Amino acid sequence: MMGGGSNNLYGTGLTLGALMDIPCEHFAQQRGVGKTYVDRFKELQLYLGEQQSNQGECSERRREVSDSHIFNVPAKYRALHQLLKRLYPNLRSYSDVCHLSPSDFSSQLGVGINKVTSLIQWQSEIAANHSVYAIDSDLLDRLKGFKISSFYLNDVEQKLLTKFIRRGATYEELTPSFFIEKEVSDIVGQSGFGKKMAEALHTLQMKILDALKADGTDNILIPLHFGESRPLSQLSSYICEDLAKFNETLDGEESKIWSQRVGYNSELLTLQELGDSLGVTRERIRQRAAGMNAVLLRGIRVRPSLIREKLLNKDRSELLVELSELRNEFCTDTAMIKMLAVISESDHTGIIESLNPTVRRDVLDGFFCSHAYPVKSERVKVALQGELECSDDDAEIYLRAMVTAGLVREDESFLVPDNVRKETAVAHILAGCEGGLSWKEIASRVNDSGMCRTELSMERPDQVLNSSSFIYLSSAHLYSHMKFFPAQKGDVIRILDDIKSTLKSSSHDAIHLMSEYYSGLLIPRFDYYTIRHAVRNFGESKGLYFNGKSQSDSVSLSPDATRISQKEAVWRLFQSTAGPLTVQQMAKHIKSQTEDHARYYLGELLREGKIVSTEQNQYQSRKSAFVKINVASVSKAIRLILQEDTRIHHISSVARQLNRMEKSDYSNHYWRAFAGAYAEEKGWYAKGMLVSANEIPITGISTLVKEVSSYGQEDMVAWIQERVCASRDVIKRAIYNVRNELQQGGTAQAENGLAWDVMEELYSL
């Protein structure tokens, strides 16, 4: 009834004026119109009368509405705005909206009274609050002088920019005006744009307007000609501020990836190293770093072309001085140069040529590696004279150039290397420490001195310690300078000769150095690490090849020999030893010297079936363990025992019969080891302390105890003996242990029914 276009009661051309002229009584008399519609009709006429009165009061204010851009349409009027744009294609400004005739609008096909009422309300709001809506042409012209800094955008707004770029827009086209002129309701429903993106656009528009009113540069808007009249040193300072601001916008993992990938106040890592540390591929790290650099470019205030212009065709020494603040932010000059290339959108080769110093960066590395920190300036100058074969004056000039280039720095009458390689810095520190230092002490002293290009990690030793000719591992946890190496040339030769003799007499093509050393086969007057370094660094002169990694310090007469693992060395020890070995004895033959590591390797060999546990904490190779018995006859006896009695057998019942047959007194452990070692080969089944002709479905006797825990003890013993051939004492002990554990609070062993004999069974596995 309320829709002007659908009503056939008074025709399709019903206007507001005509609606006001219809008598209420006449409307009430119409057929099919009830009291409810009559009341609503009265309310509508009263409302329209008030609106006409308000329109008269607002007419003056409507005339004051300028041709401002339609922006920030309230949610309740967005549907109306879409309809107006379809009906009036030339609708461009709020002034156009205010001057629309509600009567003409109501006569349009498909326009009902609700839409007309909304138009009247919107016109009144625009007239009353024009300052809220106004974005005049002058304001839009001002926006053309700015670009957007992405550092002040949240994640959703960043995604909004990315969506526009994916739809074909370039970053240069994403100007403040571009976003202001976008109507929020226009993007809803488009591919990739939903309500969340519409809300992000609205928020971004508000930020842009607020920033323009603030008229400052430290916000989302950046002047297009920012920094044009500034010197390079000032631009360098701006870039430092922008990098710091950008890094603050990243979360913890993103900051780690970006900082360590570009070397910003952090150690420079490769894609592979970063990928390994985060558990992802190197390609994923590359993609994330590239994405973050793209976001960085959107926020740098100084335009790339201006940075390029300032960098090129400038004196090198002046350039280094002007970039000093930026150089301090990066671990190496190369890292800084690559970052300059990124933000100036240029090839870093040309920048490297501009910044490459004429002095040799490594000219004093050998001197600093050999002399203790710190050193007198005069000694450094003398070293330069010898290195360059130049006069005292030329050495002084060269030294000044090195100071200017940031390769050394003065500290009163001392000189400290600066921006040097890790090896140089570490060797320089160790040259003054005869007793050696742990890695943490080394890293702390180097970082405090500030001489290294990158700050050393306190957590893990650097690879340089394994490749330097000035540093050696002097104990399990200490590194020393080679000037303190305890062996002389003659000692090293004797060490190498002894090892070569050992190798020639060995049946293997390689030996495990640690095992041979602790077996007493090498020169005892030097510690293991001295011998290791001698072989590792000087062995090839005698035809010895070192192949060391983690627990696998191997030496061979061929460069192609296989590395001997610690487990292989342990197995060789079993092969060469006739009697049993304990965990404590084994620990002496491995690198860490710990029983935990010994148990680990023993467990590996037990699982592979190479060794057996013949007694508690005693281990032998399978071959040597059973050399004193007739394997064939014992195996035959076990098969007969299992065939005559098809029950599962506890090893104690089998052991009694085997000992009688062999006239021996071997323990249950010994026969359990035999049964387990030959089970697969001889066709029976062994599990812990149990052996059977068929597969064994239980873990141990305690499993059966758990099944009949409600039985009395005698009944339980009888029930178990029907299934397991075991003595009453063995069964009673299992019952006692299970019940005892259950009564003491339900420990993990009790919950799983693990009595003492079962613990022994699991230990044997």
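This report concerns the structure included in the present document. (Residues numbered from 1 in each chain as written. Predicted model: local features only at pLDDT ≥ 70, side-chain atom pairs only at ≥ 80, totals over all residues. Heavy atoms only, no water.)

If you tally the helices and strands in the protein chain, you get 43 helices and 16 strands. Per-residue burial over the protein chain gives 45% buried out of 765 residues. Within the protein chain, residue pairs in contact and separated by at least 24 positions form 62% of the contacts whose partners lie at least 6 positions apart. As presented, the protein chain carries roughly 38500 Å² of accessible surface, and 48% of it is formed by carbon and sulfur atoms. (Helix = DSSP H or I, 4+ residues; strand = E, 2+ residues; numbered from the N terminus. Buried < 20%, exposed > 50% of the residue type's maximum accessible area, 1.4 Å probe, protein only. Contact = heavy atoms within 4.5 Å. Areas by Shrake-Rupley, 256 points an atom, 1.4 Å probe, with all protein chains shown as cover.)

This brings us to helix 4 (residues 78-87). Buried within helix 4 are the following residues: Leu 80, His 81, Leu 83 and Leu 84. Considered in projection along helix 4, the buried side chains sweep an arc of 165 degrees and stay on one side of the axis. Across helix 4 from its buried face, at more than 90 degrees, point the exposed residues Ala 79 and Arg 86. (Arc of directions from axis to C-beta.)

So, about the packing of helix 14 (residues 232-249) against helix 18 (residues 304-311). Helix 18 packs onto helix 14 with a crossing angle of 135 degrees between their chain directions and a minimal axis gap of 11 Å. By the angle class used here, helix 14 and helix 18 are oblique. The two elements helix 14 and helix 18 meet at a crossing, and its hand is left-handed. Contact residues: helix 14 offers Leu 232, Leu 235 and Ile 239, while helix 18 offers Leu 306, Ile 307, Lys 310 and Leu 311. Of the residues that constitute the contact of helix 14 with helix 18, the class distribution is six nonpolar, no polar and one charged. (Axes fitted to C-alpha atoms, helices over the stretch in contact; angles between N-to-C directions. Parallel < 35°, antiparallel > 145°, perpendicular 65-115°, else oblique. Left-handed = near helix turned anticlockwise from the far one by under 90°. Nonpolar A, V, L, I, M, F, W, Y, C, P; charged D, E, K, R; others polar.)

Attention shifts here to the packing of aromatic side chains. One pass over the full model with this rule turns up 21 aromatic pairs. Between Phe 226 and Tyr 238 the ring centres are 4.8 Å apart and the planes differ by 50 degrees, which places this aromatic pair in the tilted class. Separated by twelve residues along the polypeptide, Phe 226 in the loop between strand 2 (221-223) and helix 14 and Tyr 238 in helix 14 bring together distant segments of the chain. Geometrically, the ring pair formed by Tyr 670 and Trp 671 is edge-to-face, given 5.3 Å between the ring centres and 85 degrees between the ring planes. The exposure class assigned to Tyr 670 is buried, which follows from its relative accessible area of 5%. For Trp 671, a relative accessible area of 1% puts it in the buried group. (Phe/Tyr/Trp six-rings, centres within 6.5 Å; stacked < 30°, edge-to-face > 60°.)

Glancing now at the pairing of strand 12 (residues 618-621). Relative to strand 12, strand 11 (residues 611-615) runs antiparallel, the two sharing four bridges. Of the residues in strand 12, the one forming a bridge with Ser 613 is Tyr 619. Hairpin geometry of strand 11 and strand 12 is characterised by an intervening segment of two residues between the two adjacent antiparallel strands and by a positive phi of about 65 degrees at Asn 617. (Pairing = 2+ DSSP bridges.)

Our next topic: the side chain of Ser 377. Turning to its location among the elements, Ser 377 is positioned in helix 24 (residues 377-388). Setting aside anything within four residues of it in sequence, one finds Ser 377 in contact with Ser 413, Phe 414 and Leu 415.

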